Amino acid sequence: MRSSGPAHAHKIPKPEIAVVGSANLDLVVEVPRVPLVGETVLGGDLARIPGGKGANQAVAAARLGRSVAMIGRVGDDEGGRMLRAALETDGVDTSHLTTTPNTPSGVALIAVGDDGDNSIVVSPGANSRLSVTDVEAAADVLDAAAVTLVQLESPVDAVLAAAESAGGVVVLNPAPAPSSPLPAKLLEAVDVIVPNQTELALLTGHDGTVDVAVAADSARQLPIPTVVVTLGALGALAVVEGEVSHIAAPEVEPVDTTAAGDSFCGALADALVRKEPIVDAVRWAVRVGAATTLRPGAQPSLPNPAEVTSLLGKG
Ligand code: RIB
């Protein structure tokens, strides 16, 4: 199938951050509580919001002041046009965001409970067509970027190709949790991995979720020099060459946790580009992630630095 990027794509000469990942149209309904299996729950009006883990991470880093390029795919539909426009509004380079004919854009069906927690089903659509060839076409961007961010809403061979051709620090956010073991070559190419407790469990052969008390030991099992485990309201652990630091989160009352993990990754990349030590980078990421929970939606909730301060106070 032939496919093409748009003639008018926004291009930055040398982006600091390359994001290889997904863009989804989020279809969001607020519900009193996330439904149980087999249950129907009545919710509020449907909202259509730009999202997707890759695009959220790209926009998060861009709002924090970084120059960012997005490598991915959208469908040739209204959702795809909305997702591209959202990235461009935040100054993200979309010259490697390809429009895929006869294919729907990625869509995420999201229920947000009144405690701010959510339940998400993703139809990857065009995201599933991202190929090694697409990644190779962005080789100059990947080679030049100080940080390359990848997630697992895209085909793993494309993610591997991105990690292997990146010239800078490779950060893998293994979300959504992988259903089969990741290729050893991918783990070898990654410098920093950012799992949550469920993803850490899957990566280290445990059922369910890894308890905070044993998260550092599990993190040490991964063959990656820096493991940053996100712990939700408890903040994050940075495990660097086996040395553990716990970074606590500010106390917040979440409105919607969607994209908090993505803004965490975008902020971590921002701080790594600015050459902050890893523990300081994680401290910044924890704050940005917490601030993201205080507003609804994925991309609309991603803060700029002034908003992090106004939402949380001085850190
Ligand atoms: O991490 C949040 C994102 O996950 C949402 O924006 C949704 O699109 C899914 O990809």
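Here, every reference points to the structure presented above.
First, a word on what this report is: a plain description of the structure on this page. (Residues numbered from 1 in each chain as written. Predicted model: local features only at pLDDT ≥ 70, side-chain atom pairs only at ≥ 80, totals over all residues. Heavy atoms only, no water.)

## Quick look at the overall build of the chain
Thinking step 1. Regarding its fold elements, the chain presents 11 helices and 13 strands.
Thinking step 2. Relative to the globule expectation of 20 Å for 315 residues, the C-alpha radius of gyration of the chain, 18 Å, shows essentially globular dimensions.
Thinking step 3. Referenced to the eigenvectors of the C-alpha coordinate spread, the extents of the chain come out at roughly 50 × 45 × 40 Å.
Thinking step 4. Within the span of the chain, comprising 315 residues, buried residues form 53% of the whole.
Thinking step 5. Partitioning the intrachain contacts of the chain with sequence separation of at least 6 by distance along the chain shows that 64% fall at a separation of at least 24.
Thinking step 6. Of the accessible surface of the chain, which amounts to about 13,400 Å², a share of 54% is contributed by carbon and sulfur atoms.
Thinking step 7. Each charge class in the chain was averaged separately, 20 positive and 37 negative side chains, and the resulting centres sit 6 Å apart. (Helix = DSSP H or I, 4+ residues; strand = E, 2+ residues; numbered from the N terminus. Rg over C-alpha atoms; globule rule 2.2 N^0.38 Å. Buried < 20%, exposed > 50% of the residue type's maximum accessible area, 1.4 Å probe, protein only. Contact = heavy atoms within 4.5 Å. Areas by Shrake-Rupley, 256 points an atom, 1.4 Å probe, with all protein chains shown as cover. Lys, Arg positive; Asp, Glu negative; His and termini not counted. Charge placed at Lys NZ, Arg CZ, Asp CG, Glu CD.)

## Overview of the pairing of strand 9 (residues 169–172)
Thinking step 1. Across 4 bridges, strand 8 (residues 147–150) lies against strand 9 in parallel orientation. Note that in strand 9 the partner of Leu149 across the bridge is Val171.
Thinking step 2. Sheet topology note: the strand 9/strand 10 (residues 192–193) ladder contains 2 bridges and is parallel. Paired with Val171 across the strands is Val192, a residue of strand 10.
Thinking step 3. Regarding the hand of the β-α-β motif, the stretch spanning strand 9, helix 6 (residues 184–189) and strand 10 is right-handed. (Pairing = 2+ DSSP bridges. Right-handed = clockwise from strand over helix to strand, strands pointing away.)

## Description of unusual backbone geometry
Only a minority of non-glycine residues have a phi that is not negative, and only a minority of peptide bonds are not trans.
Thinking step 1. Look at the link from Ala175 to Pro176: it is a cis peptide, with omega at -5°.
Thinking step 2. Checked against the element boundaries, Pro176 lands in the loop between strand 9 and helix 6.
Thinking step 3. In this model, Glu241 sits at a positive phi of 50°, which is unusual for a non-glycine residue.
Thinking step 4. Relative to the helices and strands, Glu241 resides in the loop between strand 12 (236–240) and strand 13 (243–247).

## Description of the site of the ligand
Thinking step 1. Close to the ligand lie Asn24, Asp26, Gly51, Gly52, Lys53, Asn56, Ala108, Ile120, Glu153, Ala259, Asp262 and Ala298, which account for all nearby residues.
Thinking step 2. One nitrogen or oxygen atom from the side chain of Asp26 is found 2.6 Å from an oxygen atom belonging to the ligand.
Thinking step 3. Within the backbone of Gly52, one N or O atom sits 2.9 Å away from an oxygen atom of the ligand.
Thinking step 4. Broken down by secondary-structure element, the contributors of at least two residues to the shell around the ligand are strand 2 (24–30) and helix 1 (53–63).
Thinking step 5. The residue inventory of the shell around the ligand, partitioned by class, reads 4 nonpolar, 4 polar and 4 charged. (Near = heavy atom within 4 Å. Polar contact = N/O pair within 3.5 Å; in protein donor to acceptor, adjacent residues only side chain to side chain. Nonpolar A, V, L, I, M, F, W, Y, C, P; charged D, E, K, R; others polar.)

## Considering the pattern of salt bridges
Thinking step 1. Per the stated rule, a full pass over the model turns up 12 salt bridges.
Thinking step 2. A salt bridge links Glu39 to Arg33; the nearest nitrogen and oxygen atoms lie 2.4 Å apart.
Thinking step 3. Close ionic contact of Arg48 with Glu78 constitutes a salt bridge, the shortest N to O distance being 2.7 Å. Taken as a pair, Arg48 in strand 3 (residues 47–51) and Glu78 in helix 2 (residues 78–89) lie far apart in primary sequence, 30 residues in all. (Salt bridge = Lys/Arg side-chain N within 4 Å of Asp/Glu carboxyl O.)

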